[in-house]
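Structural description and commentary
Here is how the chains run, residue by residue.
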Amino acid sequence: MTIGPEDTGEIRLDAQEWTSTVVGHHRLRHDIAVIRLIGEYVPFLAGQSVEVQLPQHPGLRRRLSPALPPSLDGKLEFHVRTVPGGWCSGSIVADTRPGDQWRIGAPVGWLSVDDWATDVVMIAGGTGLAPLRSLLLDLSRRPEPPRTHLFVGGRSPRDLYASDMLFLLAGELPWLTVVPVVESAYDPDWRDEWHESCRVDVGFEVDEMLEGTLAEVVGDMGPLLNHQVLVCGSPGMVRSTMDSLIRNGTPAEAIRYEGL
Ligand SMILES: Cc1cc2nc3c(=O)[nH]c(=O)nc-3n(C[C@H](O)[C@H](O)[C@H](O)COP(=O)(O)OP(=O)(O)OC[C@H]3O[C@@H](n4cnc5c(N)ncnc54)[C@H](O)[C@@H]3O)c2cc1C
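Only a predicted model underlies this, so the values are computations on that prediction, with no experimental measurement involved.

Let us look at empty space enclosed by the protein. Within the structure shown, the criterion is met by one cavity of 30 Å³ or more. In this structure, the largest cavity spans a volume of roughly 70 Å³. Around the largest cavity, the lining residues are G126, L129, V152, G153, D159, L160, Y161, A162, S163, L166, P180 and F204. Listing elements by their share of the lining of the largest cavity, those giving two or more residues are β10 (147-154) and α3 (163-172). In terms of residue class, the lining of the largest cavity is made up of eight nonpolar, three polar and one charged.

Let us now look at the pattern of salt bridges. Within the structure shown, the criterion is met by 17 salt bridges. Between E77 and R36 there is a salt bridge, with the nearest N and O atoms lying 2.9 Å from each other. Of the two residues, E77 is situated in strand β7 (residues 75-81) and R36 in strand β4 (residues 32-39); the sequence distance between them amounts to 41 residues. Notably, a salt bridge pairs R147 with D119, separated by 2.8 Å at the nearest N-O pair. Of this pair, R147 sits in strand β10 while D119 sits in strand β9 (residues 119-125), and the two are 28 residues apart along the sequence. The exposed category is assigned to R147, whose relative accessible area is 52%. According to the relative accessible area criterion, D119 is buried, its value standing at 14%.

A positive phi angle is found at A106, which is not glycine, with a value near 50 degrees. Considering the arrangement of structural elements, one finds A106 in strand β8 (residues 101-108).

Between its first and last C-alpha atoms helix α6 (residues 235-247) spans 18 Å; for 13 residues at 1.5 Å apiece the expected length is 18 Å, and the two agree. For α6, the elements touching its buried residues are β9, α5 (214-219), β13 (228-233) and β14 (255-259). Residue G249 follows α6 closely and has a positive phi angle near 100 degrees.

The local shell around the ligand holds 18 residues, among which R62, R63, H79, C88 and S89 are the closest. In this structure, R63 approaches the ligand through a main-chain N or O atom, which is 2.6 Å from an oxygen atom. L260 is positioned such that a nitrogen or oxygen atom in its backbone is 3.3 Å from a nitrogen atom of the ligand. Contact with the protein chains covers 65% of the free accessible surface of the ligand, which is 920 Å². At the level of elements, β6 (62-64), β7 and β14 are the ones that each hand at least two residues to the shell around the ligand. Among the residues forming the shell around the ligand, the class breakdown is six nonpolar, eight polar and four charged.

Conventions used here
Residues numbered from 1 in each chain as written. Predicted model: local features only at pLDDT ≥ 70, side-chain atom pairs only at ≥ 80, totals over all residues. Heavy atoms only, no water. 1 Å grid on protein atoms, 1.4 Å probe; cavity = no way out; pocket = protein on both sides within 12 Å on 5 of 7 lines; lining within 4 Å. Points joined across faces, edges and corners; volume = space filled by probe spheres on them. Helix = DSSP H or I, 4+ residues; strand = E, 2+ residues; numbered from the N terminus. Nonpolar A, V, L, I, M, F, W, Y, C, P; charged D, E, K, R; others polar. Salt bridge = Lys/Arg side-chain N within 4 Å of Asp/Glu carboxyl O. Buried < 20%, exposed > 50% of the residue type's maximum accessible area, 1.4 Å probe, protein only. Expected span 1.5 Å × (residues − 1). Contact = heavy atoms within 4.5 Å. Near = heavy atom within 4 Å. Polar contact = N/O pair within 3.5 Å; in protein donor to acceptor, adjacent residues only side chain to side chain. Areas by Shrake-Rupley, 256 points an atom, 1.4 Å probe, with all protein chains shown as cover.

Written as structure tokens, this is what we have:
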């Protein structure tokens, strides 16, 4: 809150909101879109989420996690998946248009990597990748980024909507290892036209992917005793992954998590 322009003592309740304009809407799957915006600088921290209000649904606010670290030039990127029956997510994925103005506010969250961390494990289910990707890009600005393993999970290979970007990022960053994880090595037998329309030759091969749920895969690892562990995904994925980590001896205080 700040005092009004003429110093009248009027309290501006909107002072903690910022406006950003959609400049790109890329539908990657029938149920997933990446939205890019440029606007006022939003003072969040990498790994946090913000509240967004869309022109299609004035008055409704939904939490989304920026997939880029904060930038002074006001760039924002969000990865959004349709929740069946949801009010906002489906229309963000299907109806967002360049020029739409979004109101952004209320940055919060505690997904972060301590300055002194030397080994990090990140575990992302679906669009839970977004805040972890923001953190990865933020870590890349450190003089000595921690050794980082990113486990990224989906139901089948085509669910890994950012496979190409992660493949390229892992090639560029020697401290980063990406481990793709799929519940089934086979895609469903119906065509996702959005997937077909953005197919590229870059990305992980199916034989480079581990098969199972993220909870099963991390459950097969030994305890993570010297790592900082970050988990982000649907509430169910976070719960089962946390259970696995704690069962295999990873200390609860080493884990930070966010359910979307
Ligand atoms: C901290 C945080 C960060 C988030 N970041 C992202 C993000 O980066 N990208 C993204 O796509 N979403 C993100 N979400 C989820 C997002 O805020 C919305 O909850 C989601 O998009 C559904 O909104 P809706 O208006 O479509 O559904 P609503 O109209 O709110 O809900 C409709 C129905 O769907 C159910 N429902 C709501 N959310 C879910 C869910 N996640 N899974 C299953 N059922 C659900 C509700 O219980 C209700 O029955 C985040 C949520 C939190 C709390």
